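Summary of the model geometry
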Amino acid sequence: MRVCGVELKGGEAIISLLSYEGETFNVPECRKASFTVSQSATTEAIREFHFAFHKLMQDYRVDEVVIIEREQKGKLAGSATSFKLEAAIQLGELPVSLLSPVTIKEQNKRNPPQVDFDSLDLKKVQQLAFEAAYAQQNRRIFGKV
């Protein structure tokens, strides 16, 4: 099973792929670490993001997408653009799950990754997306989806 973790920040979707095959986790190489949408007020920009994101998921045979949940109100609320990006992701064919930061932290505390993040071939900005994908994989393995 291959999961794509997504962290939405402003007009950016930061992603990390993680597969689980034969009781082994693998971080496959990916041609993109993030998508940026600068003109989120235009329909064309959102359509381009939607197409590019889902084409990447198709090319890498992703089975599920997990998005880090953002607050809808208050000081820590996500931006309007991030919610547009979330909707564009959810409108695809793949199942999409939302995980709260608390759930991700609890799941990864229970089953910490057996590798140091710095040794993975990922950029530092992808760490939260990786943690979301890892938490979702563990939820599937241990039946807590």
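Just so it is clear, the model here is predicted, and its values are computed rather than measured. (Residues numbered from 1 in each chain as written. Predicted model: local features only at pLDDT ≥ 70, side-chain atom pairs only at ≥ 80, totals over all residues. Heavy atoms only, no water.)

This brings us to the overall build of the protein chain. The number of helices and strands found in the protein chain is 4 helices and 6 strands. Against the compact-globule benchmark of 15 Å for 145 residues, the protein chain has a radius of gyration of 15 Å, which places it among compact chains. Along the three orthogonal principal directions, the C-alpha set of the protein chain runs to about 45 × 35 × 30 Å. Split into buried and exposed, the 145 residues of the protein chain put 41% on the buried side. (Helix = DSSP H or I, 4+ residues; strand = E, 2+ residues; numbered from the N terminus. Rg over C-alpha atoms; globule rule 2.2 N^0.38 Å. Buried < 20%, exposed > 50% of the residue type's maximum accessible area, 1.4 Å probe, protein only.)

Turning our attention to the nonpolar core. Burial of nonpolar side chains together is a common tendency in soluble globular proteins. Cys 4, Val 6, Ile 15, Phe 49, Phe 53, Met 57 and Ile 89 are the most contacted members of the largest nonpolar core, which totals 21 residues. Taken together, the elements giving at least two residues each to this core come down to strand E1 (2-9), strand E2 (12-21), helix H1 (43-59), strand E5 (64-68) and helix H2 (80-90). Looking at which element gives the most residues to this core, the answer is H1, with 6 residues. In this view, Val 6 contacts Ala 13, Ile 14, Ile 15, Phe 53, Val 65, Val 66, Ile 67, Ile 68, Ile 89 and Ala 129; residues no more than four positions away in its chain are not counted. (Core = buried A, V, L, I, M, F, W, Y, C linked by side-chain atoms within 4.5 Å. Contact = heavy atoms within 4.5 Å.)

In a pair of packed helices, the angle between the axes and the distance between the axes together describe the arrangement. Remark: H1 packs on H2, axes separated minimally by 9 Å, with the N-to-C direction vectors making an angle of 50°. In terms of axis orientation, H1 runs oblique to H2. Crossing hand, H1 versus H2: right-handed. Together, Ile 46, Phe 49, His 50, Phe 53 and His 54 of H1 and Lys 84, Leu 85, Ala 88 and Ile 89 of H2 make up the contact between the two elements. Considering only residue class, the contact of H1 with H2 consists of 6 nonpolar, 2 polar and 1 charged. (Axes fitted to C-alpha atoms, helices over the stretch in contact; angles between N-to-C directions. Parallel < 35°, antiparallel > 145°, perpendicular 65-115°, else oblique. Left-handed = near helix turned anticlockwise from the far one by under 90°. Nonpolar A, V, L, I, M, F, W, Y, C, P; charged D, E, K, R; others polar.)

Another point: the packing of aromatic side chains. Using the criterion set out here, one finds 7 aromatic pairs in the structure. With a centroid separation of 6.1 Å and 20° between ring planes, the pair formed by Phe 130 and Tyr 134 is classed as stacked. One end of the pair is Phe 130 and the other is Tyr 134, both in helix H4 (residues 127-141) and 4 residues apart, which spans about a single turn. Using a relative accessible area of 6% as the deciding quantity, one classes Phe 130 as buried. (Phe/Tyr/Trp six-rings, centres within 6.5 Å; stacked < 30°, edge-to-face > 60°.)

The element E2 is extensively covered by neighbouring structure, given that 7 of its 10 residues are classed as buried. Both E1 and E2 contribute to a ladder of 8 bridges, which runs antiparallel. Pairing of Lys 9 across the sheet is with Glu 12, part of E2. Joining the antiparallel neighbours E1 and E2 is a turn of 2 residues, in which Gly 10 adopts a positive phi near 60°. (Pairing = 2+ DSSP bridges.)

Of the pockets and cavities examined, the largest pocket occupies roughly 210 Å³. Tallied by class, the residues present in the lining of the largest pocket amount to 7 nonpolar, 2 polar and 4 charged. (1 Å grid on protein atoms, 1.4 Å probe; cavity = no way out; pocket = protein on both sides within 12 Å on 5 of 7 lines; lining within 4 Å. Points joined across faces, edges and corners; volume = space filled by probe spheres on them.)

Below, the discussion takes up a nonpolar patch on the surface. Together, Phe 25, Ile 141 and Phe 142 line one region of the surface with nonpolar side chains, adding up to about 250 Å² of accessible area. Along the chain, the position of Phe 25 falls in strand E3 (residues 24-26). Residue classification places Phe 25 among the partly exposed residues on the basis of a relative accessible area of 31%. (Patch = residues over 30% accessible without salt bridge, like charges linked within 9 Å, V, L, I, M, F, W, Y side chains within 5 Å. Areas by Shrake-Rupley, 256 points an atom, 1.4 Å probe, with all protein chains shown as cover. Salt bridge = Lys/Arg side-chain N within 4 Å of Asp/Glu carboxyl O.)

Treat this as a map of the structure, not an account of what it does.
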